[in-house]
Amino acid sequence: KSILDSKVAELTCPHCSSKFSERLGKLKAHSEIACPHCRGVVAVDADQIRQTIQQIDKASADLLRKAGRAFK
């Protein structure tokens, strides 16, 4: 679980060109998302999303650790 799971990404449907929002937690768990406007299937690279979130989580933890040492 990541603190980023509740953050929202903006997507554009390749079928109807509508824009919609979806939580990152859902995007990293599913390789396909249905467009809420036309119900068309939107492919998601869930592996890439998971990897990116892990990198951000690690960088955030490193930054917090370094900040903690700086204020001791």
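A. Inspection of the overall build of the chain at higher detail. The number of helices and strands found in the chain is 2 helices and 4 strands. Going from the N terminus to the C terminus, the chain shows its helices and strands as β-β-α-β-β-α. For the chain, the spread of C-alpha atoms along the three principal axes comes to 55 × 20 × 15 Å. Sequence-distant contacts in the chain: of pairs separated by 6 or more residues, those separated by 24 or more amount to 20%. Here the chain carries 13 positive and 8 negative side-chain charges, and the mean point of each set is 8 Å from the other.

B. Just the environment of Q48, in detail. Inspection of the secondary structure assignment puts Q48 in helix α2 (residues 46–70). Owing to a relative accessible area of 39%, Q48 belongs among the partly exposed residues under this scheme.

C. Representation of the nonpolar core. Ranked by size, the top nonpolar core spans 13 residues in total, and within it F20, L24 and L27 carry the most contacts. Of all the elements in the fold, those that place two or more residues in this core are β1 (8–12), α1 (24–29) and α2. Among all residues touching L24, those that are not within four sequence positions of it are L4, D5, K7, A9, I49 and I53.

D. Fine view of the pairing of β1. With burial as the criterion, only one face of β1 is covered, namely that bearing A9 and L11; the residues V8, E10 and T12 on the opposite face remain uncovered. Between the antiparallel neighbours β1 and strand β2 (residues 19–23) lie 6 residues, among them S17 with a positive phi of about 65°.

The rules behind the values
Residues numbered from 1 in each chain as written. Predicted model: local features only at pLDDT ≥ 70, side-chain atom pairs only at ≥ 80, totals over all residues. Heavy atoms only, no water. Helix = DSSP H or I, 4+ residues; strand = E, 2+ residues; numbered from the N terminus. Contact = heavy atoms within 4.5 Å. Lys, Arg positive; Asp, Glu negative; His and termini not counted. Charge placed at Lys NZ, Arg CZ, Asp CG, Glu CD. Buried < 20%, exposed > 50% of the residue type's maximum accessible area, 1.4 Å probe, protein only. Core = buried A, V, L, I, M, F, W, Y, C linked by side-chain atoms within 4.5 Å. Pairing = 2+ DSSP bridges.

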